[in-house]
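These are the residues of each chain, in order.
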Amino acid sequence: MLGPPGAGKGTQASKMAVALGVPHVSTGDMVREEIKAQTDLGEAIKKFSDKGVLVPNDIIIRLLAKRLRKPDCRKGFILDGFPRTIQQAESLDGISKIDLAVNLKVPDEIIIQRLSNRLTCRKCGSIYNRLTLKPRRANICDKCNGELYQREDDKPEVIQERLNVYRKNTEPLIECYKRRSFLKDVQCDDLMTPPEVTFKKIKSITDSARKDKARA
Ligand SMILES: [Zn+2]
């Protein structure tokens, strides 16, 4: 699942995972879990993220290779948050085979509107949105009554910078996947489009990809 930060990759990937009966493999979640578990790798990762620098490619690949070897990945998996660069895509080719890339195409102004209205629960991490997914009570989590806040990287000036970084790194990867002709674009131009509508589009793409594969 490809797409800029705030495109809804995580939401769509978890819906797809349920629909296809395969695991949702999020490299972001894997990294957070590793830090939480305080493994050697987790400690190494924490040093990078504390400094605000990207976690090196080889660490992510090691984590990912370990995850993809688990039995639940035998029937397939949905990757979310990886690869982001051509270099990562090449590393990925070395550990697994990807059948299809779904590229969520969302204009910058929509992303900025969406992310700058995003609220996160301090206690349980649930995500809300002041425009599209309001909590029942202002600034209070529906699930755990925790306080909702705006993440530092969801502030407009930071979002624009994240988008610039994304476009610079990932556009070449998207071009490369296009040439290998397994990339499908899903356009999302409207902030208020419910995730279910986007999900239907993705589902029809994966359904026809599965049929093609079965025929081949
Ligand atoms: Zn909560």
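Residues numbered from 1 in each chain as written. Predicted model: local features only at pLDDT ≥ 70, side-chain atom pairs only at ≥ 80, totals over all residues. Heavy atoms only, no water.

### Focus: the overall build of the protein
- Counting its regular elements, the protein contains 8 helices and 7 strands.
- In terms of overall dimensions, the protein is globule-like: its C-alpha atoms have a radius of gyration of 18 Å, near the 17 Å expected for 216 residues.
- With the C-alpha coordinates of the protein rotated into their principal frame, the extents come out at 55 × 40 × 35 Å.
- Taken across its 216 residues, the protein has 41% of its residues classed as buried.
- For the protein, contacts bridging at least 24 residues in sequence account for 66% of all contacts bridging at least 6.
- Of the roughly 12600 Å² of accessible surface on the protein, a fraction of 52% belongs to carbon and sulfur atoms.
- Taken as two groups, the 42 positive and 29 negative side-chain charges of the protein have centres that lie 5 Å from each other. (Helix = DSSP H or I, 4+ residues; strand = E, 2+ residues; numbered from the N terminus. Rg over C-alpha atoms; globule rule 2.2 N^0.38 Å. Buried < 20%, exposed > 50% of the residue type's maximum accessible area, 1.4 Å probe, protein only. Contact = heavy atoms within 4.5 Å. Areas by Shrake-Rupley, 256 points an atom, 1.4 Å probe, with all protein chains shown as cover. Lys, Arg positive; Asp, Glu negative; His and termini not counted. Charge placed at Lys NZ, Arg CZ, Asp CG, Glu CD.)

### Observations concerning the nonpolar core
- Ranked by size, the top nonpolar core spans 26 residues in total, and within it L2, V25, L64, L92 and Y177 carry the most contacts.
- Among the elements of the structure, helix 2 (27–36), helix 3 (40–50), helix 4 (57–68), helix 5 (86–95) and helix 7 (156–179) are those that each provide at least two residues to this core.
- Ranked by residues supplied to this core, first place goes to helix 4 with 6 residues.
- In this structure, A13, I78, V102 and I159 belong to the second largest nonpolar core, which totals 22 residues. (Core = buried A, V, L, I, M, F, W, Y, C linked by side-chain atoms within 4.5 Å.)

### Points about helix 4
- Look at helix 4: 16 Å from first C-alpha to last across 12 residues, which is about the 16 Å you get at 1.5 Å a residue.
- Where burial is concerned, most of helix 4 is hidden: 9 out of the 12 residues are buried.
- For helix 4, the complete set of buried residues consists of N57, I59, I60, I61, L63, L64, A65, R67 and L68.
- Turning to helix 4, the residues buried within the fold contact strand 1 (24–26), helix 2, helix 3, strand 2 (78–80) and helix 5. (Expected span 1.5 Å × (residues − 1).)

### As for the pairing of strand 3 (residues 101–105)
- Within strand 3, 4 of the 5 residues are buried, leaving the element largely enclosed by the surrounding structure.
- Here strand 3 runs beside strand 7 (residues 183–187); their pairing, made up of 5 bridges, is parallel. In the strand pairing of strand 7, N103 is matched with D185. (Pairing = 2+ DSSP bridges.)

### Remarks on the confidence of the model for the protein
- The predicted model of the protein has a mean per-residue pLDDT of 91, with 100% of residues at 70 or higher.
- Within the protein, no element has a lower average pLDDT than helix 3, which sits at 87, and none a higher one than strand 6 (residues 148–149), at 96. (pLDDT = per-residue confidence, 0-100.)

### A word on the coordination of the zinc ion
- Taken together, the protein donors to the zinc ion comprise C121 (SG), C124 (SG), C141 (SG) and C144 (SG), at separations of 2.3 Å.
- Every donor counted, the 4 donor atoms about the zinc ion form angles of 98 to 114° at the centre, which fits tetrahedral coordination.
- Among the residues examined, C144 registers a relative accessible area of 21% and is labelled partly exposed. (Donors = N, O, S within 2.8 Å, 3.2 Å for Na, K, Ca; no water. Tetrahedral: all angles 85-135°; square planar, octahedral: opposite > 155°, others 65-115°.)

### Remarks on the packing of helix 5 against helix 7
- It is at 8 Å that the axes of helix 5 and helix 7 come closest, and there the two elements cross at 45°. In terms of axis orientation, helix 5 runs oblique to helix 7. Together, I86, A89 and L92 of helix 5 and P172, L173, C176 and Y177 of helix 7 make up the contact between the two elements.
- Considering only residue class, the contact of helix 5 with helix 7 consists of 7 nonpolar, no polar and no charged. (Axes fitted to C-alpha atoms, helices over the stretch in contact; angles between N-to-C directions. Parallel < 35°, antiparallel > 145°, perpendicular 65-115°, else oblique. Nonpolar A, V, L, I, M, F, W, Y, C, P; charged D, E, K, R; others polar.)

### Let's talk about the pattern of salt bridges
- The final tally for this structure, using the stated rule, is 17 salt bridges.
- With a shortest N-O distance of 3.5 Å, E196 and K15 are connected by a salt bridge. Of this pair, E196 sits in helix 8 (residues 195–215) while K15 sits in helix 1 (residues 9–20), and the two are 181 residues apart along the sequence.
- Under the relative-accessibility criterion, E196 is labelled partly exposed at 43%.
- Taking the relative accessible area as the measure of exposure, K15 reaches 26% and is therefore partly exposed.
- A salt bridge links K203 to D207; its shortest N-O distance comes to 3.0 Å. Here K203 pairs with D207, and both are found in helix 8, just 4 residues apart, close to one helical turn.
- Within the structure, one salt-bridge network assembled from shared partners comprises K97, D99 and K213. (Salt bridge = Lys/Arg side-chain N within 4 Å of Asp/Glu carboxyl O.)

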